[in-house]
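Below, each chain spelled out in residue letters.
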Amino acid sequence: MEARNLRVSDAEREHVGELLQKAVGQGMLSLGEFTERMDTALAAKTRGELNSVLADLPGITLISDYDPPAYPNAGQPMYQGQPYPAPTYQPQPPPVHPSPPYRAPVGPPVVGNYGTANAAVIRGRMATVTRNGAWIVPPAVVVDTRMSSVTIDFTRAVMQTQVVNISIDDYASSISLIVPEEATVDMNGVEAVGGSASNKVRSGPQMGPLHLVVHGKVRFGSVTAKHPFGTTIRKMFGS
């Protein structure tokens, strides 16, 4: 079977998504072309279909289409009076460029006794991720997401410190930070590339039991800090 007809995995589709994001950063694709090609990549079933979104991008290749050499068949000469030996060719897996190692986004240092090693890590790859209820929040939270929908709800969470540092490294995701009415959020450290960072709550000073310091990078996605649904209506009616 030709390499282009082999089935592809979710890891290969995700890697192609990262290559397309790299192409956008180098100015080879517009945002519209990126969206169209991502849809094709996520729906691809074979390596040929997956390669089609990279074919016209110089220097970016996922899989080379390799055809094994032809072997003699029954119509060809015998070998020392016996049928020609069976082929011993074993197809090798196609080369796949490794993804770059994860690098935590640069931001203010984590304070307290827990440090980065004890941070809560929230990861998502083309997934829906939710943290809510009475979950324990350490002094640091790392959000590492790709093309995901993420909701982090602090309204009933158990805080270990007043200040929580949130580091974001994201591609094409929607991230919502839901905080109690008395909380404050500082999003000055967020860098948005082809995306948005929106703070719909007070930015300071640190007055209530929770203050979020958000930093990192959002690429072609969004991060929003807001109160729970209905908070504005309750304020209007004084409840």
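Rules used in this analysis
Residues numbered from 1 in each chain as written. Predicted model: local features only at pLDDT ≥ 70, side-chain atom pairs only at ≥ 80, totals over all residues. Heavy atoms only, no water. Helix = DSSP H or I, 4+ residues; strand = E, 2+ residues; numbered from the N terminus. Buried < 20%, exposed > 50% of the residue type's maximum accessible area, 1.4 Å probe, protein only. Contact = heavy atoms within 4.5 Å. Areas by Shrake-Rupley, 256 points an atom, 1.4 Å probe, with all protein chains shown as cover. Salt bridge = Lys/Arg side-chain N within 4 Å of Asp/Glu carboxyl O. Pairing = 2+ DSSP bridges. Axes fitted to C-alpha atoms, helices over the stretch in contact; angles between N-to-C directions. Expected span 1.5 Å × (residues − 1). Phe/Tyr/Trp six-rings, centres within 6.5 Å; stacked < 30°, edge-to-face > 60°. Lys NZ or Arg CZ within 6 Å of the ring centre and 35° of its normal.

1. Considering the overall build of the chain
Here is step 1: The number of helices and strands found in the chain is four helices and twelve strands.
Here is step 2: With 239 residues in all, the chain has 39% of them scored as buried.
Here is step 3: Look at the contacts in the chain between residues 6 or more apart in sequence, and 67% of them connect residues 24 or more apart.
Here is step 4: Working note: accessible area of the chain is about 13,600 Å², and carbon and sulfur atoms make up 54% of it.

2. Quick look at the pattern of salt bridges
Here is step 1: Taken as a whole and judged by the stated rule, the model has ten salt bridges.
Here is step 2: With a shortest N-O distance of 3.4 Å, Glu-12 and Arg-47 are connected by a salt bridge. Residue Glu-12 is located in helix α1 (residues 10-25), and its partner Arg-47 is located in helix α3 (residues 47-51); the two are separated by 35 residues in the primary sequence. The same class applies to Glu-12 as to Arg-47, namely buried.

3. Thoughts on the sheet that holds strand β7 (residues 163-171)
Here is step 1: Taken in spatial order, the five strands of this open sheet run β1-β4-β7-β11-β9, and their pairing is parallel. A single partner strand is all that each edge strand has here, and the edge strands are β1 (120-125) and β9 (184-193). Averaged over all pairs of adjacent strands, the angle between their axes in this sheet comes to 10 degrees, without regard to strand direction.
Here is step 2: As judged from the six bridges shared by β1 and strand β4 (residues 140-146), these two strands associate in the parallel manner. Following the sheet pairing, Gly-124 is matched in β4 by Thr-145.

4. What to know about α1
Here is step 1: The end-to-end C-alpha separation of α1 is 23 Å, in line with the 22 Å expected for 16 residues at 1.5 Å each.
Here is step 2: With respect to burial, α1 is a largely interior element, twelve of its 16 residues being buried.
Here is step 3: When we look at burial in α1, the residues that qualify are Glu-12, Arg-13, Glu-14, His-15, Val-16, Gly-17, Glu-18, Leu-19, Leu-20, Gln-21, Ala-23 and Val-24.
Here is step 4: Looking at the packing, one finds that the buried side of α1 touches α2 (31-43), α3, β1, β4 and β7.
Here is step 5: Just downstream of α1 lies Gly-27, where phi reads positive at about 80 degrees.

5. Considering the environment of Leu-54
Here is step 1: Note on placement: Leu-54 falls in the loop between α3 and β1.
Here is step 2: Take Leu-54: its relative accessible area is 3%, and that puts it in the buried class.
Here is step 3: Along the backbone, Leu-54 and Val-16 are 38 residues apart, and their C-alpha atoms lie at a distance of 8.1 Å.

6. Some thoughts on unusual backbone geometry
Here is step 1: Even without being glycine, Met-126 reaches a positive phi, approximately 50 degrees.
Here is step 2: Tracing the chain through its elements places Met-126 in the loop between β1 and β2 (128-131).
Here is step 3: Residue classification places Met-126 among the partly exposed positions, given a relative accessible area of 32%.
Here is step 4: The phi dihedral of Met-147 falls on the positive side, at around 50 degrees, and the residue is not glycine.
Here is step 5: Structurally, Met-147 can be placed in the loop between β4 and β5 (149-153).
Here is step 6: Exposure remark for Met-147: the relative accessible area of 17% places this residue in the buried category.

7. Structural notes on the packing of aromatic side chains
Here is step 1: A full pass over the atoms with the stated rule returns two aromatic pairs.
Here is step 2: Plain terms: the ring middles of Trp-135 and Phe-154 are 5.7 Å apart, the flat faces sit at 45 degrees to each other, and that makes the pair tilted. Of this pair, Trp-135 sits in the loop between β2 and β3 (136-137) while Phe-154 sits in the loop between β5 and β6 (158-159), and the two are 19 residues apart along the sequence. When sorted by exposure, Trp-135 lands in the same class as Phe-154, which is buried.
Here is step 3: Taking NZ or CZ as reference, Arg-219 lies 4.3 Å from the ring centre of Tyr-171, over its face.

In short, shape yes, function no, at least from these values alone.
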